[in-house]
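Here's the letter readout for the chains.
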Amino acid sequence: MILVVIPAYNEEANVARLLGDLAEILGELMPASRVLVALVDDGSKDRTVAVAEGAAERLRTANFECTTLRHPENRGLAEAIKTGLLYACDRANPKDIIVTMDCDNSHTPGLMVQLTRRIFEGYDVAVASRFISGSRVVGLTLFRQALSLGAAILLKTLLPIPGIRDYTCGYRAYRAAVIQPIVRDNPRFISETGFSVMLDILLKLHHHDRHLAFVEVPILLRYDWKKGASKMAVGRTIRQTLRLLARRRLGYWD
Ligand SMILES: Nc1nc2c(ncn2[C@@H]2O[C@H](COP(=O)(O)OP(=O)(O)O)[C@@H](O)[C@H]2O)c(=O)[nH]1
Ligand SMILES: [Mg+2]
């Protein structure tokens, strides 16, 4: 089974297309796989939940199911990821694969075939990467691309993880057997509050077990398919990222 965790905040314009594409494309490309989507609505003020539940109802088959988990008020991306990962880890068998992706249609469902294939091949974590040969970014401002590249260079230098160049992309697959015990037994596994959570997950997994095998697959990032503005607060994310980097580099892992 593939369990797909999707954090969503005010994504009414994107969520129906995403769920429709997931059901259709994975049904086409991986017809034998059971897919359970956990959409984590983080106190959206728009109709994200109603739209998602309507789509889930229409799309439900023996192999495709979408559940909406709800935070009554907005708690930020990290808490949404935590809720989703705990839910997925509770339901997964060790042989299953847990995927995280954005709700904005910039992460295309077809790439999940490559991400999950890498797990079947033996890797523990597969990351969709903007920084390897074959990757391409469409529609993202040069400023945002430069920021991610800057973060990648800094991290690769100060906190290298073999196999990883893109520390911040949220589109990833994890071997359930690997993250289940770490997520379940460590209440502080997710200790960040904002977008730096995605980076911290990779750092903590690597710190927890130096033998984990990380790999990247090239992404085609369709930022032009996203409707609405980014939810990322740039200034806050830069501050959080630099503070996190300093703490982890100095050996603080709480
Ligand atoms: N649960 C939750 N999800 C959020 C929040 N902010 C953003 N997201 C979701 O996290 C994902 C990443 O945000 P996005 O706007 O796509 O950021 P970008 O791709 O970096 O521009 C999307 O699926 C958002 O809906 C939040 O406060 N809570
Ligand atoms: Mg996005």
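This one's a predicted model, so the numbers in the text were calculated from it and none came from an experiment. (Residues numbered from 1 in each chain as written. Chains lettered and ligands numbered in written order. Predicted model: local features only at pLDDT ≥ 70, side-chain atom pairs only at ≥ 80, totals over all residues. Heavy atoms only, no water.)

(A) Geometry of a nonpolar patch on the surface. Among the surface-exposed residues, Leu-154, Ile-238 and Leu-242 lie close enough to one another that they form a single nonpolar patch of about 230 Å² accessible area. Position of Leu-242 among the secondary structure elements: in helix 8 (residues 234-249). Here Leu-242 falls in the partly exposed class, since its relative accessible area comes to 47%. (Patch = residues over 30% accessible without salt bridge, like charges linked within 9 Å, V, L, I, M, F, W, Y side chains within 5 Å. Areas by Shrake-Rupley, 256 points an atom, 1.4 Å probe, with all protein chains shown as cover. Salt bridge = Lys/Arg side-chain N within 4 Å of Asp/Glu carboxyl O. Helix = DSSP H or I, 4+ residues; strand = E, 2+ residues; numbered from the N terminus. Buried < 20%, exposed > 50% of the residue type's maximum accessible area, 1.4 Å probe, protein only.)

(B) A look at the packing of aromatic side chains. The tally for this structure, following the rule as stated, stands at zero aromatic pairs. Here Arg-17 stacks its cationic end above the ring of Trp-225, 4.4 Å away from the centre of that ring. The ring of Phe-189 has Lys-204 sitting right over it, with the charged end atom 6.0 Å from the ring centre. (Phe/Tyr/Trp six-rings, centres within 6.5 Å; stacked < 30°, edge-to-face > 60°. Lys NZ or Arg CZ within 6 Å of the ring centre and 35° of its normal.)

(C) Structural view of the site of ligand 1. Around ligand 1, the surrounding shell holds 18 residues, and the nearest of these are Glu-11, Asp-42, Asp-104, Tyr-223 and Ser-230. One of the side-chain N or O atoms of Glu-11 is found 2.5 Å from an oxygen atom in ligand 1. In this structure, an oxygen atom belonging to ligand 1 sits 2.7 Å away from a side-chain N or O atom of Arg-144. Notes on ligand 1: free accessible area 570 Å², of which the protein chains cover 94%. Where the shell around ligand 1 is concerned, the elements lending two or more residues are strand 1 (2-8) and helix 3 (77-91). (Near = heavy atom within 4 Å. Polar contact = N/O pair within 3.5 Å; in protein donor to acceptor, adjacent residues only side chain to side chain.)

(D) Quick peek at the environment of Ala-213. Relative to the helices and strands, Ala-213 is located in the loop between helix 7 (197-208) and strand 8 (214-218). Along the primary structure Ala-213 and Leu-115 are separated by 98 residues, whereas in three dimensions their C-alpha atoms are 13 Å apart. Apart from the residues within four sequence positions on either side, Ala-213 is in contact with Tyr-123, Asp-124 and Val-125. (Contact = heavy atoms within 4.5 Å.)

(E) Main features of the sheet that holds strand 7 (residues 172-175). The seven strands lie next to each other as 3-2-1-4-7-5-8, forming an open sheet whose pairing is mixed. Strands at the two margins of the open sheet, each flanked by one partner only, are strand 3 (64-71) and strand 8. For this sheet, the mean angle separating the axes of adjacent strands, direction not counted, is 20°. Where strand 4 (residues 97-100) and strand 7 come together, four bridges link them in antiparallel fashion. When the bridges of strand 7 are listed, Thr-100 appears paired with Arg-172. (Pairing = 2+ DSSP bridges. Axes fitted to C-alpha atoms, helices over the stretch in contact; angles between N-to-C directions.)

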